[in-house]
Amino acid sequence: MKPLSGFVCAVAVFTTLLAADTAAQGNLADEGIYWCPMRGNPCKIEDYHAPGSCNDCKMPLVTKAAYVERFAQIEQNAKNVGVVLYEGFELLDVFGPLEMWAYVPEFKLIMIAEQAGPVKSGQGVSVIADYGFADAPELDILMVPGRAGTFPELKNQTMLEFLRTRHEQADITTSVCSGSALLAKAGILDGRKATSNKQFFSLATEQSENVEWIWEARWVDDGDVITSSGVSAGIDMALHLISR
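In what follows, the accompanying structure is described.

## Description of helix α3 (residues 91-101)
Part 1 of the argument: The element α3 is extensively covered by neighbouring structure, given that eight of its 11 residues are classed as buried.
Part 2 of the argument: Within the span of α3, buried status applies to L91, D93, V94, G96, P97, L98, M100 and W101.
Part 3 of the argument: With a side-chain oxygen lying 3.1 Å from the backbone nitrogen of L92, the N-terminal cap of α3 falls on E90.

## Some points on the packing of α3 against helix α8 (residues 233-243)
Part 1 of the argument: α8 packs onto α3 with a crossing angle of 30 degrees between their chain directions and a minimal axis gap of 8 Å. In this view, α3 runs roughly parallel relative to α8, as classed from their interaxial angle. The two elements α3 and α8 meet at a crossing, and its hand is right-handed. Residues G96, P97, M100 and W101 of α3 pack against G234, I235, M237, A238, L239, L241 and I242 of α8.
Part 2 of the argument: Its residues placed into classes, the contact of α3 with α8 shows nine nonpolar, two polar and no charged.

## Focus on the environment of G124
Part 1 of the argument: When you line up the elements, G124 lands in the loop between β5 (117-120) and β6 (126-129).
Part 2 of the argument: Owing to a relative accessible area of 43%, G124 belongs among the partly exposed residues under this scheme.
Part 3 of the argument: Expressed as a C-alpha distance, the spacing of G124 and G88, which sit 36 residues apart in the sequence, is 7.9 Å.

## Quick word on the nonpolar core
Part 1 of the argument: If you look at the biggest cluster of nonpolar residues, it comprises 57 residues, and the most contacted ones within it are L85, F89, W101, L163, L189 and W213.
Part 2 of the argument: Apart from residues no more than four positions distant in its own chain, W101 is found in contact with V81, F107, L109, M143, T174, M237, A238, L241 and I242.
Part 3 of the argument: Counting eight residues, the second-largest nonpolar core is a separate cluster that includes C36, C43, M59 and L61.

## Re the environment of G88
Part 1 of the argument: Along the polypeptide, G88 turns up in the loop between β3 (79-84) and α3.
Part 2 of the argument: Residue classification places G88 among the buried positions, given a relative accessible area of 17%.
Part 3 of the argument: With near-sequence residues (within four places) excluded, G88 lies in contact with K120, S121, G122, G146, R147, A148 and G149.

Rules and cut-offs
Residues numbered from 1 in each chain as written. Predicted model: local features only at pLDDT ≥ 70, side-chain atom pairs only at ≥ 80, totals over all residues. Heavy atoms only, no water. Buried < 20%, exposed > 50% of the residue type's maximum accessible area, 1.4 Å probe, protein only. Helix = DSSP H or I, 4+ residues; strand = E, 2+ residues; numbered from the N terminus. Polar contact = N/O pair within 3.5 Å; in protein donor to acceptor, adjacent residues only side chain to side chain. Axes fitted to C-alpha atoms, helices over the stretch in contact; angles between N-to-C directions. Parallel < 35°, antiparallel > 145°, perpendicular 65-115°, else oblique. Left-handed = near helix turned anticlockwise from the far one by under 90°. Contact = heavy atoms within 4.5 Å. Nonpolar A, V, L, I, M, F, W, Y, C, P; charged D, E, K, R; others polar. Core = buried A, V, L, I, M, F, W, Y, C linked by side-chain atoms within 4.5 Å.

Written out as structure tokens, the structure is:
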């Protein structure tokens, strides 16, 4: 799959849906109020009184009615995307996919750790976990990053049990880099195809003999589980998930 800009990919989908809604509104366009699909983020909050293009981003305007209806649909179809943090995680494993998913209107991004609060990455930068394992909301999509912090987490039964439980409840479980080692240790990858960061590949394969590990893959889609290789491969995996 050829990597694409997450902003372009997601905005193109969103704009197409809004344009279709606008066409379907028919006489609702007579309201005379038009909005930019990216109103407020990043474009100005501005009313237009004729069809045309946004002054900021030049995207085609849509009717206010179509915009409001579309966002009601977004709220109705919202999905919680939970990213599991732990000491020593890789920043790009987390924020590469999040950069892509942040432009999907239906995705609500949630940071989770064993305990809520700051979690130090492998690069030394701390990221705030919104929830702990005990009070995390229901998740539709679960993502597990990698890096050297994976090693101690392989012995953390609280982490492994959380992954098992939340995988069973989620629609899709994903991983980047050595996050697949944690999924394998938890038994989530048994009977499945999967991949991992090539530098950590043996770490992943040692966790379970019941996984069909694919060395050459950038990412592997096995239905409700998607694993990817390291760092930037997680971005490609995230875009693939959006395309589904």
